[in-house]
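This is what each chain is made of:
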Amino acid sequence: MQVYRLSALSDNYIFLLHDREQNIAAVVDPAEASPVLRQLDDLGATLVAIFNTHHHADHVGGNSKLLQQFPGAVVYGGADDRGRIPGQTVFLQDGDHVSFSDRVADVLFVPGHTRAHIAYYFAPTIGNEAGDLFCGDTLFAGGCGRLFEGTPTQMVNSLGKLRALPDETRVWCAHEYTLKNLEFAFTVDRANVALAQRLADVKTARSRYEATIPSNLGVEKRTNPFLRWDDRGLRSTVKAENDIQTFARLRGMKDQF
Ligand code: ZN
Ligand code: FE
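A brief structural summary. For clarity, every value in this text was computed on a predicted model and none was experimentally measured.

1. Considering the pairing of strand 4 (residues 46-51)
Judged from the five bridges that link them, strand 3 (residues 24-28) and strand 4 form a sheet pairing that is parallel. Pairing of Val28 across the sheet is with Phe51, part of strand 4. For the crossover from strand 3 across helix 1 (residues 34-43) to strand 4, the handedness is right-handed. With three bridges connecting them, strand 4 and strand 5 (residues 74-78) associate as parallel partners. In the strand pairing of strand 5, Ala49 is matched with Val74.

What follows is the structure in structure tokens.
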């Protein structure tokens, strides 16, 4: 399974999964149809599945048009997104499995950004030593999604599920927000040498218009404050009394940043 990263709208990424042998493709969070249709055309591939993480327009905006061209495509989404994802045919719950090509993904229920948000984790296989995590707007490189329909407690639980995955996991998040996220992170975690280095690297990459996605989960665990709610230094920086409060204060500060 080859993953193509397609740019869409102002700062979204769409991920197209391609199986060369069968010449079939799946797409994760098609913000819009046109970049997907172009890539499918280049590959001469047939779209067989749409994997949606949540119902926001910048993640499902291309569903209907893609279904017009590929009416056989199966549309996956969270069970609680019933009625909110155009064309949805499969309603997934935590612990369900979905497959594409020779890969199988665990479905992780990760509410917080929205109440129905799910993530797809394709575990490693032979020849594919790192897993692939498609996490929508739950975890970002250097940050996390805003809490539109969930509480800090829910989001910490959700991010905790992602943090439990192996360090080598590739993190395919749906937006190029990395530089802004790391600039914020550095304001609350100045003593973190790995973070300072990462911020410098990302500044260079973005000055060359390079994408910062996929990220690496081990790097996120070390440098993303939204995976470090139980870090003692961060807790004292934001003057919190417990993990949830640490996370909530960080999220509140980022909302104002
Ligand atoms: Zn969203
Ligand atoms: Fe989004």
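Okay, back to it.
2. Some remarks on the state of the cysteines
Joining two cysteines, a disulfide is a covalent bond between their sulfur atoms. This structure, assessed with the given rule, holds zero disulfides. In this model Cys144 remains outside any disulfide bridge; the closest cysteine sulfur is found in Cys135, 11 Å from its own. Free cysteine Cys173: the closest other cysteine sulfur is in Cys135, separated by 5.3 Å.

3. Here we look at the layout of surface pockets
Of the voids in this model, the largest pocket is the one considered here, and its volume is about 260 Å³. Taken together, the elements giving at least two residues each to the lining of the largest pocket come down to helix 5 (178-188) and helix 9 (243-256). Each residue belonging to the lining of the largest pocket can be placed in one class, and the counts come to five nonpolar, five polar and six charged.

4. Some points on the sheet that holds strand 1 (residues 2-8)
Pairing is mixed across the open sheet formed by six strands, whose spatial order is 1-2-3-4-5-6. Only two strands of the sheet have a single neighbouring strand rather than two, namely strand 1 and strand 6 (90-92). Neighbour to neighbour, the strand axes of the sheet diverge by 25° on average, direction disregarded. Here strand 2 (residues 12-19) runs beside strand 3; their pairing, made up of five bridges, is antiparallel. The residue of strand 3 that forms the bridge with Phe15 is Val28.

5. Let's talk about the coordination of the iron ion (ligand 2)
The protein atoms that coordinate the iron ion (ligand 2) are Asp58 (OD), His59 (NE2), Asp137 (OD) and His175 (NE2), at distances spanning 2.1 to 2.3 Å. In this structure, the iron ion (ligand 2) is surrounded by four donor atoms whose angles at the metal cover 82 to 165°, and the resulting shape is irregular. Summarised as a motif, the one-chain spacing of the donors to the iron ion (ligand 2) is D-H-x77-D-x37-H. The distance between the iron ion (ligand 2) and the zinc ion (ligand 1) comes to 3.3 Å, and Asp137 binds to both of them. In this pair, Asp58 is assigned in helix 2 (residues 57-60) and His175 in the loop between strand 13 (170-173) and helix 5, connecting sequence segments 117 residues apart.

6. Overview of empty space enclosed by the protein
Using the criterion set out here, one finds one cavity of 30 Å³ or more in the structure. Of the volumes computed, that of the largest cavity is approximately 40 Å³. Considering the residues around the largest cavity, the lining is formed by Tyr13, Phe15, Val28, Asp29, Thr53, Phe134, Cys135, Gly136, Trp172, Cys173 and Ala174. Mapped onto the lining of the largest cavity, the elements with two or more residues apiece are strand 2, strand 10 (132-136) and strand 13. At three residues, strand 10 tops the list of elements feeding residues into the lining of the largest cavity. Split by residue class, the lining of the largest cavity holds eight nonpolar, two polar and one charged.

The rules we used
- Residues numbered from 1 in each chain as written.
- Chains lettered and ligands numbered in written order.
- Predicted model: local features only at pLDDT ≥ 70, side-chain atom pairs only at ≥ 80, totals over all residues.
- Heavy atoms only, no water.
- Pairing = 2+ DSSP bridges.
- Helix = DSSP H or I, 4+ residues; strand = E, 2+ residues; numbered from the N terminus.
- Right-handed = clockwise from strand over helix to strand, strands pointing away.
- Disulfide = S-S within 2.5 Å.
- 1 Å grid on protein atoms, 1.4 Å probe; cavity = no way out; pocket = protein on both sides within 12 Å on 5 of 7 lines; lining within 4 Å.
- Points joined across faces, edges and corners; volume = space filled by probe spheres on them.
- Nonpolar A, V, L, I, M, F, W, Y, C, P; charged D, E, K, R; others polar.
- Axes fitted to C-alpha atoms, helices over the stretch in contact; angles between N-to-C directions.
- Donors = N, O, S within 2.8 Å, 3.2 Å for Na, K, Ca; no water.
- Tetrahedral: all angles 85-135°; square planar, octahedral: opposite > 155°, others 65-115°.

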